[in-house]
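Descriptive analysis of the structure
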Amino acid sequence: MIRSEKTGPILRITIDNPPVNALGAGVRAGLAQAIAAAAEDQSVGAVIVTGSGKLFSAGADISEFGKPLADPQLPDVLAAIETCPKPVIAAINGTALGGGLEIALACHYRVALASAKLGLPEVKLGILPGAGGTQRLPRLVGVEAALKMIVSGDPVSASTAAASGLVDMVVESAEGLFDAAAAFANSPARPTSARAVSGDAASADAFVAANPRLFRGLTAPFACVEAVKAAATLPLAEGLATERRLFLELVSGEQSQALRHAFFAERSAARIEDLPKDIAKRPVGRVGVIGAGTMGGGIAMNFLSAGLPVTMVETSAEALERGAALIRKNYEATAAKGRLTTAQVEAAMALLTPTLEFGALGECDLVIEAVYENMEVKKQVFGRLDAVARPGAILASNTSYLDVDAIAACTSRPQDVLGMHFFSPANVMKLVEVVRGAKTAPDVLATIMALGQKIGKVPVVAGVCYGFIGNRMLIPRQDNALSLVMEGASPEQVDKVHTDFGMPMGPFQMTDLAGVDIGWHRDPERIDDLKDALCAQGRWGQKTGAGFYDYDAARKRSSSPVVAALIEEFRKREGVTPRAICDEEIVVRTLYTMVNEGAKILEEGIAQRSSDIDVVWLYGYGWPRWTGGPMFWAEREGFAKIVAGLERYAKSMPEGFSISPLLRQQATATEEPVA
Ligand code: 3HC
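Residues numbered from 1 in each chain as written. Predicted model: local features only at pLDDT ≥ 70, side-chain atom pairs only at ≥ 80, totals over all residues. Heavy atoms only, no water.

Moving on to the layout of surface pockets. Within this model, the second largest pocket holds a volume of roughly 720 Å³. The wall of the second largest pocket is formed by 19 residues, among which S305, T334, R339, N427 and V428 lie closest to the centre. Mapped onto the lining of the second largest pocket, the elements with two or more residues apiece are α12 (294-305), α13 (317-336) and α14 (342-350). Split into classes, the residues belonging to the lining of the second largest pocket amount to 8 nonpolar, 7 polar and 4 charged. (1 Å grid on protein atoms, 1.4 Å probe; cavity = no way out; pocket = protein on both sides within 12 Å on 5 of 7 lines; lining within 4 Å. Points joined across faces, edges and corners; volume = space filled by probe spheres on them. Helix = DSSP H or I, 4+ residues; strand = E, 2+ residues; numbered from the N terminus. Nonpolar A, V, L, I, M, F, W, Y, C, P; charged D, E, K, R; others polar.)

Okay, the nonpolar core next. I92, I103, L118, L137 and L166 are the most contacted members of the largest nonpolar core, which has 69 residues in total. Excluding its chain neighbours within four sequence positions, the residues that come into contact with L166 are L105, R110, L118, L137, L140, V141, M149 and A161. Ranked by size, the runner-up nonpolar core spans 47 residues in total, among them V595, L602, V615 and Y619. (Core = buried A, V, L, I, M, F, W, Y, C linked by side-chain atoms within 4.5 Å. Buried < 20%, exposed > 50% of the residue type's maximum accessible area, 1.4 Å probe, protein only. Contact = heavy atoms within 4.5 Å.)

Turning our eyes to something else, we now look at the site of the ligand. Not every one of the 22 residues close to the ligand is listed here, only the nearest: A58, G99, E102, E122 and R267. A distance of 2.6 Å is found between an oxygen atom of the ligand and a side-chain nitrogen or oxygen belonging to E122. With the chains in place, 69% of the 990 Å² that the ligand exposes on its own is no longer accessible. Contributions of two or more residues to the shell around the ligand are made by α3 (99-106) and α11 (254-269). Take the shell around the ligand: its biggest share by element is 3 residues, from α11. In terms of residue class, the shell around the ligand is made up of 13 nonpolar, 4 polar and 5 charged. (Near = heavy atom within 4 Å. Polar contact = N/O pair within 3.5 Å; in protein donor to acceptor, adjacent residues only side chain to side chain. Areas by Shrake-Rupley, 256 points an atom, 1.4 Å probe, with all protein chains shown as cover.)

The sites that UniProt annotates as "domain: 3-hydroxyacyl-CoA dehydrogenase NAD binding" (unreviewed entry) are residues 287-462. With 41% helix and 21% strand, residues 287-462 has end C-alpha atoms that lie 22 Å from one another. (UniProt positions renumbered as here; feature names shortened; annotations may be inferred.)

So, on to the pairing of strand β3 (residues 46-51). With 6 of 6 residues buried, β3 lies mostly within the body of the structure. Going residue by residue along β3, you find A46, I48 and T50 tucked away on one face and V47, V49 and G51 tucked away on the opposite face as well. Note: strand β2 (residues 10-15) against β3, 6 bridges, orientation parallel. Note on β3: the bridge partner recorded for R12 is I48. Taken together, β2, helix α1 (residues 25-40) and β3 form a β-α-β motif whose crossover is right-handed. Looking at chain direction, β3 and strand β5 (residues 88-92) are connected through 3 bridges and run parallel. In the strand pairing of β5, V47 is matched with V88. (Pairing = 2+ DSSP bridges. Right-handed = clockwise from strand over helix to strand, strands pointing away.)

Printed below as a string of structure tokens:
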């Protein structure tokens, strides 16, 4: 796990713990031993610490959290590095994160490869850097730059790190890294802790005030600020003690447990239990996209950005031009924010072939259909596609609800067909539901899961059913939200319960964003429900400036007296006397019902595992990450409490409601025994 090699007076200590050089108990012990030996050994003049493979180290072993940690503890190992009488130089050969970067911070000098990324992502796991990161980083880069790294958790490039004083030298090629590190061998041992902090508690407060988005709903960012303030105001030993106390509080807290669950859930979603690990994947060199609308364009961008050529097909020259222009506009907007260079924009655009020739899809290894959500239209498209696609090409539908098996049946090759359900905006949202049809071949599924990861998405496997995982769970939530308003709640009250919970928006805000008219029968005379009434008045949501709320030109939302009157009128028409609805009922009918649907999805085998459902909601709908996702949250909330709540309000639920047998089973299994 730790290798030591001596060349002349220089001892090179290498962390070798694949796959990410995490700092588990064995690594900590080995490192402590190697440093102690180097300090003792008269023939050692200087020490270089580095990582094996492509990473320096991804930090503490997250799987050890929540259990008693074996000695030595990381802070003690780092204290030994810092107080080593001989110069200790970090040769940062690749990604250095969390405890990995903290090792480098405790070294006396830091040399980094230009491609290395350096970060303290602990906050994303609901904790703070717990091995001196909050104390040493401000001593190197100042309070403000340190807070930016620690509170955002986002890594910086080696060149940014050099500009801020975090690293002493950047080296372009891996071959030159050790010589560059060895150049510091004759410099004095220089403990980071001896340096003064630039910036004070007031600069920390200013950071909090300027970045409210980083703090919303979370406890860890506040602890990060408290620890950095301690660095600015207290001697190192006291600052370290503050950091330790906060670390221990956070690591055993609910948010950190949930965020760690989310970390591992995302990684398990990539695994498909019944597929052999080494299954051969089909090569995908060119991707076809049918439809150049918002969805098709967004889908195409994912592949273009990853360097894969895309053939985009439309039926009219106008739609094709509009689609290609929208892709360019999106790229240019990203470039304007400094996140892409002009050359990168042009390189991506050069990979796009817009065409009216459906036959051009014959060159593609994967074709994704993104046309109007209508079964007849999709069936027709797949019939045509079957005639032109080359043998072995993978045919995917971006349907968000429809039966992928029925679509596959329109082709002569159902084994090559599956669903790839992207979420809007498709170039931004990370989730892709990969819908496995009854006949989808294993290598097709494996290819698409791997390709999804390659283009930076989080792919989750779902079985065939109406709405798959995400949208299926949305149905009881949205139905109940509408019924609650009919019975006496206001859209504002329902939405507030959701935003207070941490959702980016509530059910009605979401309807306004997506379009109130989605699925509308388009007959203004026929008013079956409140949504019909809104649609009939042209209140189709944000796009028409009015839906459940009013919107100004900048799409700023305000409550609508027109809607309030409409709701009242509608209740009268239906003979409903409104009653006061409490928030608890809203929680049960719009959140517990989602959990109930999630349990049905599990018992039907639509999702492989409960944590996959969490991943869908975290990445597709912005479910608050610090609660771990709906199913993780449900377990904490208590299955028995959820079942009891659902039973209590069962009579008010829309038709067809039933409690999942699996959920009942879980409730019984976890119920507190009666004394
Ligand atoms: N601890 C334990 N396991 C880890 C780990 C860690 N810090 N980092 C990654 N792994 C595991 C993953 O779970 C995965 O396991 P699997 O193959 O069984 O699913 C495997 O290593 C490979 O990881 P990825 O699939 O994520 O590989 P990538 O190449 O896509 O990404 C990475 C590599 C950027 C390093 C990414 O894994 C990552 O971001 N890791 C977490 C980094 C982090 O949060 N570090 C801080 C830890 S907390 C800490 O250091 C506390 C300290 O302050 C005291």
